[in-house]
Amino acid sequence: NAGVMQNPRHLVRRRGQEARLRCSPMKGHSHVYWYRQLPEEGLKFMVYLQKENIIDESGMPKERFSAEFPKEGPSILRIQQVVRGDSAAYFCASSPEQVNEKLFFGSGTQLSVL
Amino acid sequence: GDSVTQMEGPVTLSEEAFLTINCTYTATGYPSLFWYVQYPGEGLQLLLKATKADDKGSNKGFEATYRKETTSFHLEKGSVQVSDSAVYFCALSNFGNEKLTFGTGTRLTIIP
């Protein structure tokens, strides 16, 4: 029974390139959350999605960042024209319902922007 | 806004030592409080939680008591093991929503 799967584990991009981070929730989970951890800071909420819907994106930067959770396939966090300040660990979590103490986290994707 | 302040690490202890990791919070209303643990190579896992003042969360020998008067939720364990080596995150949620606010994490290493 696989947990939340994130890939890649490490992603290196040059400034101006695009970064795509993938998250496959646990089987049976229809809610996905993305968090970002900048160096020396705590995890910060970015976006909450259900299948084909963005429920809350109040933590997403206004530009260059987007997220989707299609009917089929993993959730994707997309960062266009990356800058060095985007370097961080990006964590995905899933839950079967909107009860936050039942969040199950992936191991994260470490994005490094050169 | 809501915030969580955690004891800075890294923390290194000998096996069977007593552990305390401090956590204080700032929040409006009556938040729920959590400790998450991240073992090497794995995702964050919920370790314990408390939903109201004076509640004590406990799991795997770890305990934390929700202290409203001091706005604290310190993590304790009486006798740590090498297998407790991990990163520990204190977190809160408010208004029953999905937005967890995390501390920066404390890396704990237990040496035999």
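Quick caveat: nothing in here was measured; it's all calculated off a predicted structure.

Caption draft 1: Examining the environment of Pro8 of chain A more closely. Residue and element names in this part refer to chain A. For Pro8, the position within the fold is in the loop between β1 (5–7) and β2 (10–13). Relative accessible area serves as the criterion here: at 23%, Pro8 is assigned to the partly exposed category. The sequence separation of Pro8 and Leu111 amounts to 103 residues, and the corresponding C-alpha distance is 9.2 Å. Every residue in contact with Pro8, bar those within four places of it in the chain, is listed here: Arg20, Arg22, Gly108 and Thr109.

Caption draft 2: Representation of the interface of chain A and chain B within the structure. At the junction of the two partners, chain A supplies 20 residues and chain B supplies 19 residues. Carbon and sulfur atoms supply 54% of the area buried between chain A and chain B, which totals about 1,600 Å² over both sides. Linking chain A with chain B are zero salt bridges. For the interface between chain A and chain B, the tally reads three residue pairs in polar contact (both at pLDDT 80 or more). If you list the elements that add at least two residues to the side of chain A that touches chain B, you get β4 (31–37) and β5 (43–50) of chain A.

Caption draft 3: Layout of the side chain of Asn94 of chain B. All names here are of chain B. Relative to the helices and strands, Asn94 resides in the loop between β10 (86–93) and β11 (101–102). Look at Asn94 and you get buried, because its relative accessible area is 4%. For Asn94, the side chain forms a polar contact with the main-chain oxygen of Thr28, separated by 2.6 Å. When sequence neighbours within four positions are dropped, the list of residues in contact with Asn94 reads Asp2, Ala27, Thr28, Tyr30 and Pro31.

Caption draft 4: Summary view of the state of the cysteines. Residue and element names in this part refer to chain A. On inspection of all chains with the given rule, the structure shows two disulfides over all chains. Two residues, Cys23 and Cys92, share a disulfide whose sulfurs are 1.8 Å apart. For the disulfide bridge between Cys23 and Cys92, the dihedral angle about the S-S bond is near -55°, and by the sign convention the bridge is left-handed. Here Cys23 is found in strand β3 (residues 19–24), whereas its partner Cys92 is found in strand β9 (residues 88–95), with 69 residues between them in sequence. A single burial state applies to Cys23 and to Cys92, both of which are buried.

Caption draft 5: Geometry of the sheet that holds β1 of chain A. Residue and element names in this part refer to chain A. Across the sheet, which stays open at both edges, the four strands sit in the order β1-β3-β8-β7 with antiparallel pairing between neighbours. Where the open sheet ends on each side, the last strands, each with one partner, are β1 and β7 (65–68). Looking at each pair of strands side by side, their axes are set apart by 15° on average, direction ignored. Bridge count between β1 and β3: three bridges; the pairing is antiparallel. What sits directly across from Asn7, in β3, is Arg22.

Caption draft 6: Broad picture of the pattern of salt bridges. Residue and element names in this part refer to chain A. A full pass over the atoms with the stated rule returns seven salt bridges over all chains. In this structure, Lys44 engages Glu41 in a salt bridge whose closest nitrogen and oxygen atoms are separated by 3.3 Å. Given a relative accessible area of 31%, Glu41 falls into the partly exposed group. Residues participating in the shared-partner salt-bridge network are Glu18, Arg20 and Arg78.

The rules behind these values
Residues numbered from 1 in each chain as written. Chains lettered and ligands numbered in written order. Predicted model: local features only at pLDDT ≥ 70, side-chain atom pairs only at ≥ 80, totals over all residues. Heavy atoms only, no water. Helix = DSSP H or I, 4+ residues; strand = E, 2+ residues; numbered from the N terminus. Buried < 20%, exposed > 50% of the residue type's maximum accessible area, 1.4 Å probe, protein only. Contact = heavy atoms within 4.5 Å. Buried area = accessible area lost by both parts, 1.4 Å probe. Salt bridge = Lys/Arg side-chain N within 4 Å of Asp/Glu carboxyl O. Polar contact = N/O pair within 3.5 Å; in protein donor to acceptor, adjacent residues only side chain to side chain. Disulfide = S-S within 2.5 Å. Pairing = 2+ DSSP bridges. Axes fitted to C-alpha atoms, helices over the stretch in contact; angles between N-to-C directions.

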